[in-house]
Amino acid sequence: MRQFLNILLLFGIMLGLQQANLHVGPSDLPPDELAAIGFIILVAFATGQLFKRFDFPALLGYIIAGIAFGPKLAEALPFVDQALFSDRVIDDLSLINVLTVGVIGMLGGGELKISDLKHNYTVVLSVVALFFLSVIPLTAVTVFGVAHWAPSLAPFMQELGLESQLFICVLLGVFGFAMSPAATLAVIQENKAKGRFTSTALGVVIVADLVLVASFVFTMAFGEMVLGPGEFT
């Protein structure tokens, strides 16, 4: 109950600051952005703690808070005139996002024990290979089918040639193969999980991430070679 009240209090404070129409000055960090950053950190933490009370991972609370208070949901709701913070705030936080991904990558590599991976490498490679050989073709075929049988759902593909459409389908298939080392590592660390299953799960997402990066680079290089650099924007 206390965490719920904290969220309501933060929401009320943010509404009050929004109504006060904080002056946006020429500095690199205007007052409204500073308030929005503080709100994001505090409300995410409070929502995470609230979810932990119900035995859910705090990470789930962070995600729900981002959806509930983010600008995209406010734009989709007809009865909401203005979001608590704008897309500009999220863009300005992009540096923090890059640094966070780097730190998570380092932590993931540090958590992964080579000795455990040696015992589980057949399982890890089998799972990654199964996902790779199933997700990418299925996603590519699905996107291609949607582009031809439900063109209104993929209007950006209608003016392209067949080769360009196939390239986009394969590229989206590669994106569909992406897993989340960040989410996996966050849940493992929060629960202090250890054991063979944990090391196998972590090994799968990290190896899959390496395969994802290599696949993306290869797909882009192959697409540029086949289609020519003029096709890329």
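Each chain has its residues counted from 1, following the order in which its sequence is written. Given that this is a predicted model, residues contribute local features only at a pLDDT of at least 70 and side-chain atom pairs are listed and counted only at 80 or more, while totals for whole chains, interfaces and linings are drawn from all residues. Side-chain numbers come from the whole structure's heavy atoms, not from hydrogens or water.

Q: Help me understand the environment of Arg-196 in this model?
A: As for its placement among the helices and strands, Arg-196 is situated in helix α10 (residues 196-227). When the C-alpha atoms of Arg-196 and Asp-116 are compared, they prove to be 7.4 Å apart, with 80 residues separating the residues in sequence. Note on contacts: a residue pair is in contact if any heavy atoms of the two residues lie within 4.5 Å. Not counting residues up to four positions away in its chain, the partners in contact with Arg-196 are His-119 and Asn-120. Only DSSP runs of H or I reaching four residues or more are called helices, and only runs of E reaching two or more are called strands; each is numbered from the N terminus.

Q: I keep staring at the packing of aromatic side chains and nothing clicks. Help me out?
A: The geometry of two aromatic rings is summed up by the distance between their centres and the angle between their planes. The pairing test for Phe, Tyr and Trp rings, Trp by its six-membered ring, is centres within 6.5 Å, and the orientation test on the planes gives stacked under 30 degrees, edge-to-face over 60, and tilted for anything in between. Tallied over the full model, the rule gives four aromatic pairs. Note on Phe-132 and Phe-177: the rings are 5.5 Å apart at their centroids and 90° apart in plane angle, and the pair reads as edge-to-face. Separated by 45 residues along the polypeptide, Phe-132 in helix α7 (residues 114-149) and Phe-177 in the loop between α8 (162-176) and α9 (181-191) bring together distant segments of the chain. Here's how the labels work: a residue is buried when its accessible area is under 20% of the maximum for its type, exposed when over 50%, partly exposed in between, all with a 1.4 Å probe on protein chains only. Exposure remark for Phe-132: the relative accessible area of 29% places this residue in the partly exposed category. Given a relative accessible area of 3%, Phe-177 falls into the buried group. Aromatic side chains Phe-218 and Phe-222 sit 6.2 Å apart centroid to centroid with 15° between the ring planes, which places their arrangement in the stacked category.

Q: Before we go on, may I ask you to explain the packing of α7 against α10 in this structure?
A: Each pair of packed helices can be described by the angle between their axes along with the distance between the axes. As a packed pair, α7 and α10 sit with axes 8 Å apart at the nearest point and diverge in direction by 50°. In terms of their interaxial angle, α7 and α10 are classed as oblique. In terms of crossing hand, the pair formed by α7 and α10 is right-handed. Within the contact between the two elements, α7 uses Asp-116, Leu-117, His-119, Asn-120, Val-123, Val-124, Leu-125, Val-127, Val-128 and Phe-132 and α10 uses Arg-196, Ser-199, Thr-200, Gly-203, Val-204, Val-207, Ala-208, Val-211 and Ser-215. Here the contact of α7 with α10 is built from residues that sort into eleven nonpolar, six polar and two charged. As a rule, the C-alpha atoms of each element are fitted with a line to give its axis, helices using only the stretch in contact, and angles between N-to-C directions run from 0 to 180 degrees. Geometric relationships in this document are graded by angle, where less than 35 degrees denotes roughly parallel, more than 145 denotes roughly antiparallel, 65 to 115 denotes roughly perpendicular, and other angles denote oblique. It is the rotation of the near helix from the far one that decides the hand of a crossing: anticlockwise by less than a right angle makes it left-handed, clockwise makes it right-handed. In this classification, Asp, Glu, Lys and Arg are treated as charged, Ala, Val, Leu, Ile, Met, Phe, Trp, Tyr, Cys and Pro as nonpolar, and every other residue, Gly included, as polar.

Q: Would you mind showing me how to read the nonpolar core here?
A: Across soluble globular proteins, nonpolar side chains show a tendency to be buried alongside one another. Residues enter a nonpolar core if they are buried and are Ala, Val, Leu, Ile, Met, Phe, Trp, Tyr or Cys, with the set joined through side-chain atoms within 4.5 Å. Core analysis: the biggest nonpolar cluster contains 17 residues, and Leu-112, Val-124, Val-128, Phe-177, Leu-202 and Ile-206 have the highest contact counts within it. Elements that contribute at least two residues to this core include exactly α7, α9 and α10. Among all residues touching Leu-112, those that are not within four sequence positions of it are Leu-117, Ser-199, Leu-202, Gly-203 and Ile-206.

Q: Could you clarify how one ought to interpret the confidence of the model for the protein chain in this entry?
A: Interpretation of the predicted coordinates at a detailed level should be avoided for regions scoring low in pLDDT. For every residue, the predictor states its confidence as a pLDDT score lying anywhere from 0 to 100. On average, residues of the protein chain carry a pLDDT of 80, and 82% of them reach 70 or more. Across residues 23-27, where pLDDT falls below 50, the model places six contacts with residues more than four positions away in sequence or in other chains.

Q: Can you walk me through unusual backbone geometry in this structure?
A: Residues other than glycine predominantly adopt negative phi, and peptide bonds predominantly adopt the trans conformation. Backbone geometry at Asp-55 places phi at a positive 65°, although glycine is not the residue there. Here Asp-55 is to be found in the loop between α2 (31-53) and α3 (58-69). Unlike most non-glycine residues, Lys-192 shows phi in positive territory, near 50°. Within the secondary structure, Lys-192 sits in the loop between α9 and α10.

Q: So what exactly am I meant to see when it comes to the side chain of Ser-215 here?
A: Mapped onto the elements, Ser-215 comes out in helix α10. In this structure Ser-215 touches Phe-132 and Val-174, once residues within four positions along its chain are discounted.

Q: How do you make sense of the layout of surface pockets when you look at a structure like this?
A: The rolling of a water-molecule-sized probe over the atoms marks out the regions of remaining empty space. The calculated volume of the largest pocket comes to roughly 1200 Å³. In terms of lining, the largest pocket is formed by 39 residues, of which the most central are Ile-96, Asn-97, Thr-100, Val-101 and Ile-104. Considered class by class, the residues forming the lining of the largest pocket number 28 nonpolar, ten polar and one charged. A cavity, in this analysis, means grid points on a 1 Å lattice covering only the protein atoms where a 1.4 Å probe fits yet has no way out; a pocket is instead an open set bounded by protein on both sides within 12 Å along at least five of seven lines, and a residue lines either one if it has an atom within 4 Å of a point. Grid points are joined across faces, edges and corners, and a volume is the space filled by probe spheres set on the points.

Q: Sorry if this is basic, but what is going on with the environment of Ala-154 here?
A: Turning to its location among the elements, Ala-154 is positioned in the loop between α7 and α8. Note on Ala-154: relative accessible area 5%, which makes it buried. Residues Ala-154 and Phe-144, ten residues apart in the sequence, show an inter-C-alpha distance of 9.4 Å.

Q: I keep staring at a nonpolar patch on the surface and nothing clicks. Help me out?
A: On the surface, Phe-45, Phe-54, Phe-56, Leu-60, Tyr-62, Ile-63, Ile-64, Ile-67 and Leu-73 cluster together into a nonpolar patch covering about 850 Å² of accessible area. Of all the elements, α3 adds the most residues to the nonpolar patch, at five residues. Looking at where Phe-54 falls in the secondary structure, it is placed in the loop between α2 and α3. Judged by relative accessible area, Phe-54 falls into the exposed class, the value being 58%. Candidates for patches are residues over 30% relative accessible area with no salt bridge; among them, like charges are joined within 9 Å and nonpolar side chains (Val, Leu, Ile, Met, Phe, Trp, Tyr) within 5 Å. Per-residue accessibility takes into account occlusion by the displayed protein chains alone, with areas from the Shrake-Rupley method and a 1.4 Å probe. A pairing counts as a salt bridge when a side-chain nitrogen of Lys or Arg comes within 4 Å of a carboxyl oxygen of Asp or Glu.

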